[in-house]
Amino acid sequence: MSAVSKIYYGAVINPETLTSYQVLPRCLLAVAASGEIAWLVEDVEDSLVQDTLAQKGCTDADVEIFALKHGEFIMPGFVDTHTHAPQVPNIGSGQQYELLDWLQNVTFPMEAKFSDLEFARATYKSVVRRIIDYGTTTCCYYGTLHGEATKVLANTVNELGQRAFVGKCNMNRNSPDYYVEPSPEASIDATLDLIKHIRSLAPSTSSPPLVQPILTPRFAISCTDELMEKLQKVAAADPSLAIQTHISENRSEIEFTLELFPSSKSYAGVYDRYGLLRDNTILAHAVHLSDEEKELVKTRDSGISHCPTSNFNLSSGVAPVGDLLDRGIKVGLGTDVSGGFSPSILTAIQHASIASKVIALQSATPLQQGSKFAGQALPIATLLYLATLGGAQVCCIEKQIGSFAVGKTFDALVVNVRSDSNGPPGLWGTAQSMPVDDTSEGRRKELDGFLERFMFCGDDRNISRVYVQGRWIGGTSFRH
Ligand SMILES: Nc1nc2[nH]cnc2c(=O)[nH]1
Ligand SMILES: [Zn+2]
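Residues numbered from 1 in each chain as written. Chains lettered and ligands numbered in written order. Predicted model: local features only at pLDDT ≥ 70, side-chain atom pairs only at ≥ 80, totals over all residues.

Focus on the overall build of the protein chain
So, step 1. When you go through the protein chain residue by residue, the secondary structure sums to 15 helices and 17 strands.
So, step 2. Relative to the globule expectation of 23 Å for 480 residues, the C-alpha radius of gyration of the protein chain, 22 Å, shows essentially globular dimensions.
So, step 3. For the protein chain, the spread of C-alpha atoms along the three principal axes comes to 70 × 55 × 40 Å.
So, step 4. Relative to its 480 residues, the protein chain shows a buried fraction of 52%. (Helix = DSSP H or I, 4+ residues; strand = E, 2+ residues; numbered from the N terminus. Rg over C-alpha atoms; globule rule 2.2 N^0.38 Å. Buried ≥ 20, exposed ≤ 12 C-beta atoms within 10 Å, placed from the backbone.)

This is how it looks when you write it as structure tokens:
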């Protein structure tokens, strides 16, 4: 690890498990020039900061110290495990449709426009900029079916410094004539070319690289058997290559999938048959999986991207996240723009909470023995985990990001709930002055309250700084 280049002093929120997180009102955290966390001391009184720095061999002269104000805190950046960059211009339109009609009437016409590289350049620049400023430090992006436009997306992400997985859609059937790949061969050639391009972007210093390729069969409906066989070969030849797709989002979609693949018993069975369910596979939605499919997903160690905003907006249903968690399946959050109408993971957190409450309200039976989450409202700790460390697990990068520990990289947000953030009024309260109860317990309680209110009524105005790999890349205080 390189020498310490920056020290942060102040309140830190650090996710630990699905049911716990650390609330650290006075933390000293050191970041190395390489972007890794060099050391972290959890509880340091103001009067002891200089002594602690001296003990760690740091003097004011050689490192920059950023002291947070009262009402500011640091937390890990958000992980969006599923979104569609080319659909951002469609946000807020088409909510009258369910999935299959929405794709035909709203989504495919917009995605087709990305054959124009100038349009792709201008749109992706503003899309990625906005997603960073919303606090997403790692994002799993679907591009369009166009290889060249998806290279533009990958280049843009790389230039703006976000951590991401970027894939082009494989889709050679059940799509309009103006927006479909001509053959399985053409689909695979463009995919391999994109993978090569993205891997060539990697600077040799960061491991894993900031931007990684991801195999992206749009969904089973849009891929012929022949294309699925070819995708299987690409995946088998490259076990480190991540995979993303949609699964079991909408009842008509499931019915059609089973018609198209009559030899598979289930939707998950289709992907499994083609070797596409593995530990680095991200499955978006999983609203209507059978128990047998959930067991298959668990056995393969694939992850689920829970996309509650989209699931409500396209009337797809409510994913049984508590049950998935009880089964030990990895779960993260996804915005699924523009099925979802917000690119903010904060909105996904809020809707994940509401979704879990809808399930809890509908659960007629008392909790089953051994179930920790099913049928219950998800607590703050779980929502925080899904948005950060859970998402990192789904992407198989939990050793690098998702929480703060020595050796992990500093992918973080500075959250500001002070009135000078211009954030939502609900957050103002006493954040400007000193804590009402200036004891260690009082400070912890207050910080916990700030976190909860940020998660439930905060927005991008409350995110003043966004860091990826130690580098300041966005937020309201960032000069664009
Ligand atoms: N929500 C959503 N589901 C899909 N299934 C196939 N394509 C899509 C898409 O673009 N969005
Ligand atoms: Zn999607």
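Topic: the domain arrangement of the protein chain
Size of an interface: often given as the accessible area lost when the parts come together.
So, step 1. When its domains are assigned, the protein chain resolves into domain 1 (4–76 + 404–474) and domain 2 (78–394).
So, step 2. Each partner contributes to the interface: domain 1 provides 23 residues, whereas domain 2 provides 26 residues.
So, step 3. For the side of domain 1 that touches domain 2, the elements supplying multiple residues, two or more each, are β1 (4–17), β2 (20–32), α15 (440–457), β16 (463–468) and β17 (471–474). (Domains from an automatic or database assignment. Contact = placed C-beta atoms within 7 Å.)

So, the environment of Cys396
So, step 1. You can see Cys396 is positioned in the loop between α14 (389–394) and β15 (412–416).
So, step 2. With 19 C-beta atoms counted inside 10 Å, the residue Cys396 sits in the partly exposed group.
So, step 3. When the C-alpha positions of Cys396 and Gln469 are compared, they lie 17 Å apart, and in sequence the two are 73 residues distant.
So, step 4. If sequence neighbours within four positions are ignored, Cys396 has contacts with Asp279 and Asn280.

Looking at the packing of helix α5 (residues 184–201) against helix α6 (residues 225–237)
So, step 1. Between α5 and α6, the least distance of the axes is 9 Å, while the angle of their chain directions is 30°. Considering their axes alone, α5 and α6 lie roughly parallel with respect to each other. α5 and α6 meet at a crossing whose hand is right-handed. Counted together, Pro184, Ser187, Ile188 and Thr191 of α5 and Glu226, Leu227, Lys230 and Val234 of α6 form the full contact between these two elements. (Axes fitted to C-alpha atoms, helices over the stretch in contact; angles between N-to-C directions. Parallel < 35°, antiparallel > 145°, perpendicular 65-115°, else oblique. Left-handed = near helix turned anticlockwise from the far one by under 90°.)

Side note on the site of ligand 1
So, step 1. Around ligand 1, the neighbouring residues are His84, Leu99, Leu103, Thr107, Arg218, Phe219, His246, Glu249, Ser310, Asp336 and Gly339.
So, step 2. Examining the composition of the shell around ligand 1, we find that 3 residues originate from one element, helix α2 (residues 99–112), more than from any other.
So, step 3. Of the residues assigned to the shell around ligand 1, the class counts are 3 nonpolar, 5 polar and 3 charged. (Near = placed C-beta within 6 Å. Nonpolar A, V, L, I, M, F, W, Y, C, P; charged D, E, K, R; others polar.)

Thoughts on the pairing of strand β8 (residues 163–167)
So, step 1. Taken across its 5 residues, β8 has 5 buried, putting it largely inside the fold.
So, step 2. Alternating residues of β8 divide into Arg163, Phe165 and Gly167 and Ala164 and Val166, and every residue in both groups is buried.
So, step 3. Pairing geometry for strand β7 (residues 136–142) and β8, over 5 bridges, is parallel. Directly across from Cys139, in β8, lies its bridge partner Ala164.
So, step 4. The β-α-β motif built from β7, the intervening helix α4 (residues 147–160) and the parallel element β8 has right-handed crossover chirality.
So, step 5. Pairing of β8 with strand β10 (residues 211–217) involves 3 bridges; the strand directions are parallel. Looking across to β10, one finds that Ala164 is bridged to Val211. (Pairing = 2+ DSSP bridges. Right-handed = clockwise from strand over helix to strand, strands pointing away.)

Considerations on helix α12 (residues 345–362)
So, step 1. Look at α12: 25 Å from first C-alpha to last across 18 residues, which is about the 26 Å you get at 1.5 Å a residue.
So, step 2. Those residues of α12 that sit buried are Ile345, Leu346, Ala348, Ile349, His351, Ala352, Ala355, Ser356 and Ile359. (Expected span 1.5 Å × (residues − 1).)

Notes on unusual backbone geometry
So, step 1. The linkage connecting Val337 with the following residue, Ser338, adopts the cis geometry, with an omega of 5°.
So, step 2. Assignment of secondary structure puts Ser338 in the loop between β14 (330–333) and α12.
So, step 3. A positive phi is found at Ser248, a non-glycine position, where the angle reads about 45°.
So, step 4. Considering the arrangement of structural elements, one finds Ser248 in the loop between β11 (242–247) and α7 (251–260).

Some thoughts on the environment of Gly303
So, step 1. Inspection of the secondary structure assignment puts Gly303 in strand β13 (residues 303–306).
So, step 2. In this structure, Gly303 is in contact with Ile282, Leu283, Lys330, Val331, Gly332, Gln393 and Val394, ignoring residues within four places of it in sequence.

Some points on the packing of helix α3 (residues 117–133) against α4
So, step 1. Packing of α3 against α4 brings their axes to within 9 Å, and their N-to-C directions diverge by 35°. Every pair of crossing elements has a handedness; the one defined by α3 and α4 is right-handed. Contacts from Leu117, Ala120, Arg121, Tyr124, Lys125, Val128, Arg129 and Ile132 of α3 reach α4 at Glu148, Ala149, Val152, Leu153, Thr156, Val157 and Leu160.
So, step 2. Across the contact of α3 with α4, the residue classes tally to 10 nonpolar, 1 polar and 4 charged.

Quick notes on the confidence of the model for the protein chain
So, step 1. Per-chain confidence: the protein chain averages 95 in pLDDT, with 96% of residues scoring 70 or above.
So, step 2. For this predicted complex, the interface confidence reaches an ipTM of 0.99, while the overall pTM sits at 0.98. (pLDDT = per-residue confidence, 0-100.)

A look at the environment of Ser371
So, step 1. Its place among the elements puts Ser371 in the loop between α12 and α13 (380–387).
So, step 2. By C-beta crowding, Ser371 is classed as partly exposed, having 14 other C-beta atoms within 10 Å.
So, step 3. Distance in space between the C-alpha atoms of Ser371 and Gly322 is 8.5 Å, their sequence separation being 49 residues.

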